[in-house]
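Observations on chain architecture
Take a look at the letters that make up each chain.
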Amino acid sequence: LSKRWFARGAFGYGIMGNGTLVDDDLSSANGPLESRTTSNISGNNLWYMNGDVGAKLIQLPFHRGTIGFFTGIQYWREQHEASGVVQTVCNPVTPLCNPANTGQDLAPGQKAITNTATWISWRLGVEGDYRVTRKLTLEGKFAFKPITSLSNDDIHHLRQQPGPMLPALQQDPSFNMTGTGIGADVDVGASYMVAPRFSINLGYRFWWNHVADGKVTVYPVGAAASTINLNEFQTYRHGITLGLQYTF
């Protein structure tokens, strides 16, 4: 917008090739493990949008770099679909499972769970860059998210009919989790100019959101919905980034 102020937007999309969903059932928050099942993550996607405004506040000596601040909004959505239900742990005294089924896939090839988590966060951040040589520049960005809100829908596809001890659940959704919390985003990296105006970027990214105050709503079939406390929910993603950049 000027030599100092700027506005920017970013959009990202990705998929994961495979994974495992682990479902643990406990008798209470600090109770023993009653049952554990695993499912293959057969479908998934992730996408996000960031919108920021900010300013470059400090010019480093000899024009070697800048330090600035920014604020903005982040929308981050993930969906995972899991199939199959392999029972790996069963407490003999619990009514939730049958010890004789341990090690077996109780629903081979069947869609078991669809989970969709949506985060909306307010970001406050600082960023900077430092030119080490004419071609090599170090870059860093840190954003604190003082307010982040969660909406998480969980569909248990195999619980459309009541079981011996478990009620049937509605399918859109079976469970809904909402809450507020905090988060942080960290991006660090280096940029190397391989030709005039053209650079290769190598970096590392860590994004994290955490809810410690919320509620879980259960939607059974043929009965009123019920609500319990959501004690904890968090999502984090991290990894290496590689990019190409051309400056006009």
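Read on for an overview of the structure.

Counted under the stated rule, the structure contains eight aromatic pairs. For the pair F11 and W47, a centre-to-centre distance of 6.0 Å together with 45° between the ring planes defines the contact as tilted. You can see F11 sitting in strand 1 (residues 5-14) and its partner W47 sitting in strand 3 (residues 33-59), a full 36 residues away along the chain. In this structure W47 comes out as partly exposed when scored by relative accessible area, which is 23%.

Turning our attention to the side chain of E127. Within the secondary structure, E127 sits in strand 5 (residues 111-131). Taking the relative accessible area as the measure of exposure, E127 reaches 9% and is therefore buried. Side-chain polar atoms of E127 contact the side chain of R8, separated by 2.8 Å. Filtering out sequence-adjacent residues up to four positions away, E127 remains in contact with F6, R8, K56, T66, I67, G68, F70, G140 and K141.

Chemically, a disulfide is nothing more than a covalent bond linking the sulfur atoms of two cysteines. Enumeration over the complete set of coordinates arrives at one disulfide. Between the sulfur of C90 and that of C97 lies a disulfide, 2.1 Å long from S to S. The sign of the 105° torsion about the S-S bond sets the C90-C97 disulfide as right-handed. The residues C90 and C97 share a single accessibility class, namely buried.

Our next topic: unusual backbone geometry. Following D172, the chain continues into P173 via a peptide bond in cis, with omega recorded as -5°. If you check the backbone angles, F62 has positive phi at about 60° while not being a glycine. Tracing the chain through its elements places F62 in the loop between strand 3 and strand 4 (65-90). A positive phi angle, near 55°, is found at H63, a position not held by glycine. Relative to the elements of secondary structure, H63 occurs in the loop between strand 3 and strand 4. Owing to a relative accessible area of 61%, H63 belongs among the exposed residues under this scheme.

Where a protein is soluble and globular, its nonpolar side chains tend to be buried together. Membership of the largest hydrophobic core comes to 15 residues, with the highest contact counts inside it found for W76, W119, L150, V211, L230 and F233. For this core, the secondary-structure elements that each account for two or more residues are strand 3, strand 5, strand 7 (175-195) and strand 8 (198-218). Counting residues per element, this core draws most heavily on strand 8, at four residues. With near-sequence residues (within four places) excluded, W119 lies in contact with Q74, Y75, W76, T148, S149, L150, N209, H210, V211, F233, Q234 and T235. Ranked by size, the runner-up nonpolar core spans seven residues in total, among them I41, V85, A107 and I113.

Rules of the game
Residues numbered from 1 in each chain as written. Predicted model: local features only at pLDDT ≥ 70, side-chain atom pairs only at ≥ 80, totals over all residues. Heavy atoms only, no water. Phe/Tyr/Trp six-rings, centres within 6.5 Å; stacked < 30°, edge-to-face > 60°. Helix = DSSP H or I, 4+ residues; strand = E, 2+ residues; numbered from the N terminus. Buried < 20%, exposed > 50% of the residue type's maximum accessible area, 1.4 Å probe, protein only. Polar contact = N/O pair within 3.5 Å; in protein donor to acceptor, adjacent residues only side chain to side chain. Contact = heavy atoms within 4.5 Å. Disulfide = S-S within 2.5 Å. Core = buried A, V, L, I, M, F, W, Y, C linked by side-chain atoms within 4.5 Å.

Purely spatial values, then, with no claim about function.
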